[in-house]
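# Results of the structural survey
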Amino acid sequence: MDYDFTFDEYDKPIAEFSMGHEAIGSWFNDELGTNQQRIEELVDILEQLVSHRIQQRQVDGTEYQLRMNQEDVEVRALSLGMEVDDEELPENTNLYDNESYAECGLEDFQQVLISWQEFILSA
């Protein structure tokens, strides 16, 4: 999983993730942002998961849901839970959901979160 942290034209921090992990970048941008309290809470949750003090945790946001267990992390757009009527779609239409769902290993996510925190603090 490759990622890069940059700033947009308004100096807002932006997380960009490689193909297949775009939803994680969207979660960082839309749900987490620069909220230091929330970042600290997540760092603590991840430490509890890594040390096996808790087995799983779910964090619901406004657009995404973050599910974590002792092995991996899943980011899922809340819109994925909505039903789509296939009969209303044109024939041979494939729905694109790469920006709506992604998963990665727990320790990889923990490292990305710490890197994000350092990036935000150094800005």
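Our subject is the structure that appears above.
Residues numbered from 1 in each chain as written. Predicted model: local features only at pLDDT ≥ 70, side-chain atom pairs only at ≥ 80, totals over all residues. Heavy atoms only, no water.

## Looking at the pattern of salt bridges
Applied cut-off: For salt bridges, the criterion is a side-chain nitrogen of Lys or Arg within 4 Å of an Asp or Glu carboxyl oxygen. Burial here depends on accessible area, computed with a 1.4 Å probe over protein chains only, as a share of the maximum for the residue type. Under 20% is buried, over 50% is exposed, and the range in between is partly exposed.
Per the counting criterion, the structure on display carries one salt bridge. Residues E74 and R67 are paired through a salt bridge, measuring 3.2 Å at the closest nitrogen-oxygen approach. Accessibility expressed as a relative area gives 17% for E74, which makes it buried.

## Some remarks on the nonpolar core
Where we set the bar: Among buried residues, those of type Ala, Val, Leu, Ile, Met, Phe, Trp, Tyr and Cys that are joined through side-chain atoms within 4.5 Å constitute a nonpolar core. Helix numbers and strand numbers start at the N terminus; a helix is a DSSP run of H or I with at least 4 residues, a strand a run of E with at least 2. A contact between two residues is defined here by any heavy atoms of the two lying within 4.5 Å.
Formed by 31 residues in total, the largest nonpolar core has its most connected members in W27, F28, L42, L66, M68, F109 and W116. At the level of secondary structure, the elements contributing two or more residues to this core comprise β2 (13–17), α1 (22–32), α2 (36–50), β4 (64–69), β5 (72–77), β6 (101–105) and α3 (106–122). Setting aside residues no more than four positions away along its own chain, F109 makes contact with I24, W27, F28, L46, L66, V73 and C104.

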